[in-house]
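Here's the letter readout for the chains.
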Amino acid sequence: MSRADKLVIALAVLLLPFLYLQFWGNHSRGEVVQIRVAGGEDMILPLDRDKTIKVAGALGTSVIEIRNRQVRFIDSPCHGKQCVLTGWLHEDGQLAACLPNGVTVQIVGRDNQFDAVNF
Amino acid sequence: MNPDISLLVSKIPPLKKGGTRGSAILSFSAPPFFKRGAGGIFAPVLLTTLILIFSLSGCEQHPRVFQQQVLALGTLVDISLYDVDGKKAAKAVTAITNQMEVIHHKWHAWEPSKLTLLNKRLARGESVNLDPEQQQLIQKGIDLAQRSGDLFDPAAGKMIALWGFHTDERPDDPPPPKEKITALVKAAPKMSQLKLDNGQLSSPNPAIEIDVGGYAKGYAVDQAIATLHKMGIDNAIVNAGGDLRAVGSKGGNPWRIGIRHPRRPGVLASLETHGDESVFTSGDYERYFMYHGKRYHHIIDPRSGRPARGATSVTVINKDATTADAAATAIFIAGPTQWRETARNMGIDQVMLVDDAGVVHMTRAMAKRVHFEIDPPPQTDIVP
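Residues numbered from 1 in each chain as written. Chains lettered and ligands numbered in written order. Predicted model: local features only at pLDDT ≥ 70, side-chain atom pairs only at ≥ 80, totals over all residues.

Q: How should I be thinking about the confidence of the model for chain B in this particular structure?
A: Caution applies to low-pLDDT parts of the model: their predicted coordinates are not meant to be read in detail. Residues and elements named next belong to chain B. Looking at chain B, pLDDT values average 87 and 85% of them are 70 or higher. pLDDT under 50 marks residues 1-38. Its contacts with residues more than four places away, or in other chains, come to 48 contacts. Counted against residues more than four places away or in other chains, residues 58-62, with its pLDDT under 50, gives three contacts. Among the scores for the predicted complex, ipTM is 0.71 and pTM is 0.78. (pLDDT = per-residue confidence, 0-100. Contact = placed C-beta atoms within 7 Å.)

Q: What exactly am I supposed to notice about the interface of chain B and chain A here?
A: The partner chain A presents 40 residues to the 41 residues of chain B that form the contact. Looking at the side of chain B that touches chain A element by element, the count peaks at five residues for strand β8 (residues 256-260) of chain B. Of the residues assigned to the side of chain B that touches chain A, the class counts are 19 nonpolar, 15 polar and seven charged. Sheet topology note: the strand β8 (residues 116-118) of chain A/β8 of chain B ladder contains three bridges and is parallel. Pairing of N118 of chain A across the sheet is with I259 of chain B, part of β8 of chain B. (Helix = DSSP H or I, 4+ residues; strand = E, 2+ residues; numbered from the N terminus. Nonpolar A, V, L, I, M, F, W, Y, C, P; charged D, E, K, R; others polar. Pairing = 2+ DSSP bridges.)

Q: Would you mind going over the nonpolar core with me for this structure?
A: Soluble, globular proteins show a tendency: their nonpolar side chains are buried together. Residue and element names in this part refer to chain B. A220, V238, V316, A327, A330, I331 and V351 are the most contacted members of the largest nonpolar core, which totals 119 residues. No other element matches helix α10 (residues 321-345), which puts twelve residues into this core. Both domains that meet at this core, namely domain 2 (66-84 + 236-383) and domain 3 (104-213), each give it at least three residues. Filtering out sequence-adjacent residues up to four positions away, I331 remains in contact with V314, V316, W339, T342, A343, V351 and L353. (Core = buried A, V, L, I, M, F, W, Y, C linked by C-beta atoms within 7 Å. Buried ≥ 20, exposed ≤ 12 C-beta atoms within 10 Å, placed from the backbone. Domains from an automatic or database assignment.)

Q: How should the sheet that holds strand β5 (residues 70-75) of chain A be read in this particular structure?
A: Residue and element names in this part refer to chain A. Spatially, three strands are ordered β3-β4-β5 in an open sheet, and the strand pairing comes out antiparallel. Pairing within the sheet leaves two strands with one partner each, and these edge strands are β3 (51-56) and β5. Looking at each pair of strands side by side, their axes are set apart by 25 degrees on average, direction ignored. (Axes fitted to C-alpha atoms, helices over the stretch in contact; angles between N-to-C directions.)

Q: Before we go on, may I ask you to explain the sheet that holds strand β9 (residues 267-272) of chain B in this structure?
A: Backbone-to-backbone hydrogen bonds join strands into a sheet, with any given pair of strands oriented parallel or antiparallel. Spatial strand order, β8(A)-β8(B)-β9(B)-β18(B): four strands in an open sheet with mixed pairing. Edge strands, defined here as strands with exactly one partner in the open sheet, are β8 of chain A together with β18 (371-372) of chain B. Relative to β18 of chain B, β9 of chain B runs antiparallel, the two being bridged by two bridges. Directly across from S270 of chain B, in β18 of chain B, lies its bridge partner H371 of chain B.

Right, here's the structure in full:
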């Protein structure tokens, strides 16, 4: 067996876990947080890096927290605070929206992305 | 193990789920051992091939979808366009936003608008001359109300106002007194009582106050899609605060729509749209107040004068958004016992109703379309 043969075998073995994750992995766990603001640029943040973000919306500042692979609204300048009451999001596709301030927060996975959410 | 190979192993960064696709392979440079031995040329070729394969699989994840959120119609409107250049997309978004703002201000139910003026004059017993758009939308309201057996009742604006939903945010104050509710139910404001002749509208019932909130969003979405078609854009979604119409596809791939779970922040089910379809959901979580631990939402049953009980959300699929909007409201009010009949009368064959026990009632046509996204899937009741 030549060195090249061994290399091919080694690479094939190394690729297996990668392919496994790619095609059979657990896709229900979210990957990134997508923060969208009306009239503004989308923001994509990793879900595994804890962070508190301030976003300027139509009425004022929405405060969003990422912690322990979860994300939530901490505060928003709306009256009903529906966005804050939604609580922690932790799975793919979960969405919290502050409609008055024009800010939405969604966990977006690799394969489970929706083009639109009906609510 | 060959020491050279163990070197290779240690050079490869851990394949962490959540990293950029293919980056683990891309990010390590060829270790020095490739320069030695007989396999020296073969290994880089193999690596290049792998890199190409993984970068290709990365490409298909980024379809050419332009997405923009705007504030219009008093809510968040999300516009998705497929394969449209940036300039044209921006133009389309501006056109839709302006169009929706005109509709919003013209038909606003409580801020001074052409509609509030119309309601004042109707209440005084005057006959009012309508412009073509007013004629069209009010006539549509009369037709939809009739098809729904008056469960969808845009003439009952006073009931919505009595419950305090003619404000942007209703505080958690007590519900209105019983006597006032009973009096309004007795006064029975109905769309069928309106007289619309040659653009002249009059009302014999002073209790009538027109509120197009139950179908104006659908109308605005229909107008937006018509505007896109006029601009030559045939692959798009216009999602107005969670109610949408999707046309065309993403280069042959259907648009994927998630339907919100009425009691959790996530998605209950998903479906793919084909051709030209509107997906509308009415839910008791959209606008409500809590009083003594009880939820009072904004979908008022004209028969009782109170928030409709029994359903937590209703989703309908239909071509035009105006009808989908009105039907979702009417079927929600009809509730778990009468929903099928009401849907049939309104010409809707794809309906899903989630009742207050979490059971999902669906027509067979709807069951074929939806895929549940929760585990375990909910209990279902499928009817022809």
